[in-house]
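Per-entry structural report
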Amino acid sequence: MAEELKHRTKLFALSILEVVERLPFHTSAKVVSYQIAKSATSVGANYRAACRARSDREFIAKMEIVLEEADETLYWLEIIQAREWIDKQWLETIWKEGNELTSIFVSTLKKVKARVNG
């Protein structure tokens, strides 16, 4: 499962970078492109770090960051969709993957927190 998620988070980041490349070149889009590029690439990078955690508590702390970055990425996708900067159908596919990843991260965190807390 961990290797599959490493792969999925990398593909998700690459798809977001493709979104960034398609955004219009004006001030508001530049701000959003910078933010979404940072958050989406952080999902995979921090997930890899979580996989190397030395304890459950360290894993939880790192996965909280992963979850925060994934949720932030979804927010920026919603902004892009609301502004209609990119084709809605193409964007929905990426949003769906981000939402699925977020759900997996939430579920994983709940399980590990339950194990740690007793």
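Look a little higher up for the structure.
Scope of this entry: the structure provided in the associated data block. Remember, it's a predicted structure, so these values are computed and weren't measured experimentally. (Residues numbered from 1 in each chain as written. Predicted model: local features only at pLDDT ≥ 70, side-chain atom pairs only at ≥ 80, totals over all residues. Heavy atoms only, no water.)

We now examine the pattern of salt bridges. All chains considered together, the criterion is met by ten salt bridges. In this structure, Glu 3 engages Lys 6 in a salt bridge whose closest nitrogen and oxygen atoms are separated by 3.2 Å. Taken as a pair, Glu 3 and Lys 6 lie in helix α1 (residues 2–22) at a separation of three residues, close to a single helical turn. Taking the shortest distance from any N to any O, the salt bridge between Arg 8 and Glu 97 comes out at 2.8 Å. Of this pair, Arg 8 sits in helix α1 while Glu 97 sits in helix α4 (residues 88–117), and the two are 89 residues apart along the sequence. What you see here is one network of salt bridges that share partners, running through Glu 4, Arg 8, Lys 96, Glu 97 and Glu 100. (Salt bridge = Lys/Arg side-chain N within 4 Å of Asp/Glu carboxyl O. Helix = DSSP H or I, 4+ residues; strand = E, 2+ residues; numbered from the N terminus.)

This part covers the nonpolar core. Formed by 33 residues in total, the largest nonpolar core has its most connected members in Met 63, Ile 80 and Phe 105. Per-element accounting of this core gives the leading share, ten residues, to helix α3 (residues 56–83). If we skip the residues at most four places from it in the chain, Ile 80 touches Val 19, Leu 23, Val 32, Ile 36, Trp 85, Ile 86 and Leu 91. (Core = buried A, V, L, I, M, F, W, Y, C linked by side-chain atoms within 4.5 Å. Buried < 20%, exposed > 50% of the residue type's maximum accessible area, 1.4 Å probe, protein only. Contact = heavy atoms within 4.5 Å.)

All right, on to the environment of Thr 73 then. One can find Thr 73 in helix α3. Separated by 26 residues in the primary sequence, Thr 73 and Asn 99 place their C-alpha atoms 9.6 Å from one another. Beyond its immediate chain neighbours, meaning those up to four positions away, Thr 73 contacts Phe 12, Ile 16, Ile 36, Ser 39, Ala 40 and Val 43. At a separation of 2.8 Å, a polar atom in the side chain of Thr 73 contacts the side chain of Ser 39. (Polar contact = N/O pair within 3.5 Å; in protein donor to acceptor, adjacent residues only side chain to side chain.)

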